[in-house]
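Observations on the three-dimensional arrangement
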Amino acid sequence: MTWTRGVYSLKAKTESNDKWRRHDLGPWIVAAPRLKSLHPCPARMIVHNRGPTIQPKPPLNDSAMSAVTKPDSTSADPYFQSLFADRIGGAGYGKGTEIYKFEKIKRAKRKALADHPDRQLLDFGIGENDSMADAKVRQVMAAEIDKPENRGYADNGVIEYKQAAADFMKRNFGVELDPATQVNHCIGSKPAYAMLPAAFINPGDITMMTVPGYPVAGTHTRYYGGEVFKLPLLAENNFLPDLDAVPDDIYRRTKLLVLNYPNSPTGKTATPEFYEKVVALAKEKQFVVVQDAAHILLSFDGKPLSFLQTPGAMDVGVEVHSMSKGYDMIGWRMGFVCGHPRIVSAFSDIKDNSDSGQFIATQKAAAAALNDDSIPERIRSKYLRRMNKLVAVLKECGFECEVPGGTYFLYAKSPTGTKSGETFAAGEDATRHLIEQFGIVTVPWDDAGAFLRFSVTYVAATEADEDALMDETKKRLGDAGLVW
Ligand SMILES: Cc1ncc(COP(=O)(O)O)c(C=O)c1O
């Protein structure tokens, strides 16, 4: 090959390991000798020039310094505009005109309120529990907050929470975990998805993720130079990913498979057979499984199922649990990663370099919550009751839907228009119409077909308030005259 100035990487496959791996070789001056030394071992290799060699910044002289400190009066850009990293848009950061889905919903809500100030918004768009954490948990927090021994850095967590998590997994799923090596807390489960890619993803590696879905692990995979392979969740496949349809060259580069069951937003639960297939594939194709169990305690179609109950699952991955949904503790920011000790250890190393742990009083209060199974049972019953009411109303208004297997989300096919002649090209159009014209808020999902997501986390203090809200929903949806 001809060497041109640049930063090189080498993708190589060896006889013993049929997976492409990327090796960064550095600038061409050092790349050539390094490549020669690597050349005899790989069975196949591809060498990429990954762009121009990074030029060192010129030293600042007095005039350059004044250019830096005095912003250009003709430009609104700060002096550091060109310094933003490519992963967030480079010099174009902050200049995009795209409006994101949730911002569009906010704007439509503002317009609906301005146009109809006396009409109550029926808000099925909120993805957060509507109640405070259980009184018993708040009392533990109140007591722990006053104890001096809880004041300091928590690092990777206190044993009380790890033990409570291990006991919870044993009681609920029959899964045995060593609290010292197989459980690590996280400050809510979201940061765990931001950190796990750091443990596995090199440039060019793949994370397979289901869509629609919770995107955080994918975003961070891209931040590390990796790629996301999307697995669509379709009704015809019972909202499970079709793992047989994934091409072999994708499997060769895949390091992580992120699953989420019960699934948000489709509401589907996984089956033991599906998880068995995942374990077998993970071993055959050599990837790590991360199962997002944020909604596991809101399982409606049977006993909640943990991925780690599957024979062999502990060899291939971790499950990430959250205190947010099942314990009304969204704002408390607590969760845990559990499973294979080596993966938990890698996660805890990344975490140790990212945060100093959740406040110990919060961890102890969360441990008290995990030790009390009556709390998630009460929350599950409430959302199931609300879900039953919502499904009955939506069916009467023409929606094709049923109580989901789990989660507080109902995922229903979006109407394509109205009897009076409106047409909706996508769920997003239907959402805007329902908010602006009828004050009914939903969230559109157009990633794999056009769907609307109704959340039963609306604010209603009593069951009578729930019923009144349902009556009003039925009336307005009836007036909307939706067609499919
Ligand atoms: C599917 C899913 N996973 C993970 C999370 C993150 O939850 P938390 O960070 O509150 O634990 C959410 C939150 O909405 C979610 O819906």
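Read on for an overview of the structure. (Residues numbered from 1 in each chain as written. Predicted model: local features only at pLDDT ≥ 70, side-chain atom pairs only at ≥ 80, totals over all residues.)

1. As for the site of the ligand
- In the neighbourhood of the ligand, 13 residues make up the surrounding shell, with Gly188, Ser189, Lys190, Ser322 and Ser324 lying closest.
- Of the residues in the shell around the ligand, the class split is three nonpolar, eight polar and two charged. (Near = placed C-beta within 6 Å. Nonpolar A, V, L, I, M, F, W, Y, C, P; charged D, E, K, R; others polar.)

2. Re the pairing of strand β11 (residues 335–339)
- Counting buried positions along β11 yields five of five residues, so the element is predominantly enclosed.
- Side chains Gly335, Val337 and Gly339 of β11 all project onto a buried face; the interleaved residues Phe336 and Cys338 project onto the opposite face, where all are buried too.
- Two strands pair when backbone bridges link them, and strand β5 (residues 183–186) and β11 are joined in this way by four bridges, in the antiparallel orientation. Counted as the bridge partner of cysteine 186 is glycine 335 from β11.
- Pairing analysis gives five bridges linking strand β10 (residues 317–322) to β11, with the strands arranged antiparallel. Residue pairing across strands places valine 320 opposite valine 337, the latter belonging to β11. (Buried ≥ 20, exposed ≤ 12 C-beta atoms within 10 Å, placed from the backbone. Helix = DSSP H or I, 4+ residues; strand = E, 2+ residues; numbered from the N terminus. Pairing = 2+ DSSP bridges.)

3. Observations regarding the packing of helix α3 (residues 101–115) against helix α14 (residues 427–438)
- Remark: α3 packs on α14, axes separated minimally by 8 Å, with the N-to-C direction vectors making an angle of 25 degrees. In terms of their interaxial angle, α3 and α14 are classed as roughly parallel. Like other packed secondary-structure pairs, α3 and α14 cross with a definite hand, here right-handed. Contacts between α3 and α14 involve Ile105, Ala108, Lys109, Lys111 and Ala112 on the former and, on the latter, Thr431, Arg432, Ile435 and Glu436. (Axes fitted to C-alpha atoms, helices over the stretch in contact; angles between N-to-C directions. Parallel < 35°, antiparallel > 145°, perpendicular 65-115°, else oblique. Left-handed = near helix turned anticlockwise from the far one by under 90°. Contact = placed C-beta atoms within 7 Å.)

4. With respect to the sheet that holds strand β6 (residues 206–211)
- Reading across from one edge, β5-β11-β10-β9-β8-β6-β7 is the order of the seven strands in this open sheet, with mixed pairing throughout. On the outer flanks of this sheet lie β5 and β7 (227–232), each paired with one strand and no other. Strand-to-strand, the axes of this sheet are offset by a mean angle of 20 degrees, without reference to chain direction.
- Lying over the sheet, helix α6 (residues 189–200) contacts β5, β6, β8 (254–260), β9 (288–292), β10 and β11, oriented at roughly 160 degrees with respect to β10.

5. Digging into the nonpolar core
- Ala165, Val289, Val290, Val337, Cys338, Ala366 and Ala369 are the most contacted members of the largest nonpolar core, which totals 105 residues.
- A per-element tally of this core places helix α12 (residues 360–370) first, with eight residues.
- Both domains that meet at this core, namely domain 2 (101–127 + 375–483) and domain 3 (135–372), each give it at least three residues. (Core = buried A, V, L, I, M, F, W, Y, C linked by C-beta atoms within 7 Å. Domains from an automatic or database assignment.)

6. Looking at unusual backbone geometry
- With an omega of 0 degrees, the peptide bond between valine 211 and proline 212 qualifies as cis.
- Looking at where proline 212 falls in the secondary structure, it is placed in the loop between β6 and α7 (216–223).
- Between tyrosine 261 and proline 262 the backbone carries a cis peptide bond, its omega angle lying at -10 degrees.
- Following the sequence through the fold, proline 262 ends up in the loop between β8 and α9 (272–285).
- One non-glycine residue with positive phi stands out, namely glutamine 286, at about 60 degrees.
- Position of glutamine 286 among the secondary structure elements: in the loop between α9 and β9.
- For glutamine 286, a count of 15 C-beta atoms within 10 Å corresponds to the partly exposed category.

7. Description of helix α4 (residues 135–144)
- What α4 keeps buried is the set Val137, Val140 and Glu144. Take α4 and look down its axis: the buried residues cluster within an arc of 60 degrees, on one side only. Among the exposed residues of α4, those pointing more than 90 degrees away from its buried face are Ala135, Gln139 and Ala142.
- Contacts from the buried residues of α4 go to α12. (Arc of directions from axis to C-beta.)

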